[in-house]
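Below are the chains, spelled out letter by letter.
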Amino acid sequence: QVQLVESGGGLVQAGDSLSLSCVTSTAIWIMGWFRQTPGKQRVLAAAISWSGGSTYYADSVKGRFTISRDNAKNTVYLQMNSLRPEDTAVYYCAGRPYNITNTRALDHPYGYAYWGRGTQVTVSS
């Protein structure tokens with residue numbers, strides 16, 4: 001059973017930085033960080049390819065968040081800078097294994113087979 005465990009969430013003030021980590025029990029092709037607020041669907045904030053050579057960022061986090069991975073440690077990171085109150089959410093680590101039949105868009109939650117339990121990030125104004 002593939003496991004993903006997030007860490008690093010917490011309460012910070014606007015303008016602060018926070019770093020999230022996600023350790024996986026096995027290597028996964030594409031890794032992403034989704035975030036979700038109450039009553040809304042999960043939205044992809046950032047994603048990274050196996051090599052780290054390709055990344056995706058939602059417009060709302062471009063220039064402020066950086067996703068990276070260390071495959072030797074089966075760990076993916078999300079460095080969040082210049083945090084805003086609207087960044088407040090539960091952040092989920094997600095893994096998308098290689099599957100030629102998976103035609104879901106990169107930012108579609110259903111395209112990801114593995115999920116962590118989430119970590120709360122709260123940004124106060």
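Use the structure listed above.
Here we summarise the structure given alongside this text.

What counts, and at which threshold
Residues numbered from 1 in each chain as written. Predicted model: local features only at pLDDT ≥ 70, side-chain atom pairs only at ≥ 80, totals over all residues. Heavy atoms only, no water. Disulfide = S-S within 2.5 Å. Helix = DSSP H or I, 4+ residues; strand = E, 2+ residues; numbered from the N terminus. Buried < 20%, exposed > 50% of the residue type's maximum accessible area, 1.4 Å probe, protein only. Contact = heavy atoms within 4.5 Å. Polar contact = N/O pair within 3.5 Å; in protein donor to acceptor, adjacent residues only side chain to side chain.

The next thing to look at is the state of the cysteines. For the coordinates displayed, the defined rule picks out one disulfide. Here Cys-22 pairs with Cys-93 through a disulfide, and the sulfurs are 2.1 Å apart. Judged by the sign of its S-S torsion, about -80°, the cystine formed by Cys-22 and Cys-93 is left-handed. Placement of the pair is Cys-22 in strand β3 (residues 18–24) and Cys-93 in strand β9 (residues 89–96), with a sequence separation of 71 residues. Both residues of the pair, Cys-22 and Cys-93, belong to the buried class.

Here we take up the environment of Ser-49. Assignment of secondary structure puts Ser-49 in the loop between β5 (43–48) and β6 (55–57). For Ser-49, a relative accessible area of 17% translates into the label buried. Taking the C-alpha atoms as reference points, Ser-49 and Met-31, 18 residues apart in sequence, are found 6.7 Å from one another. Apart from residues no more than four positions distant in its own chain, Ser-49 is found in contact with Trp-29, Ile-30, Ser-54 and Arg-69. Within the structure, the side chain of Ser-49 is placed 3.4 Å from the backbone nitrogen of Gly-53, a separation counted as a polar contact.

Function cannot be inferred from these measures alone, as they are strictly geometric.
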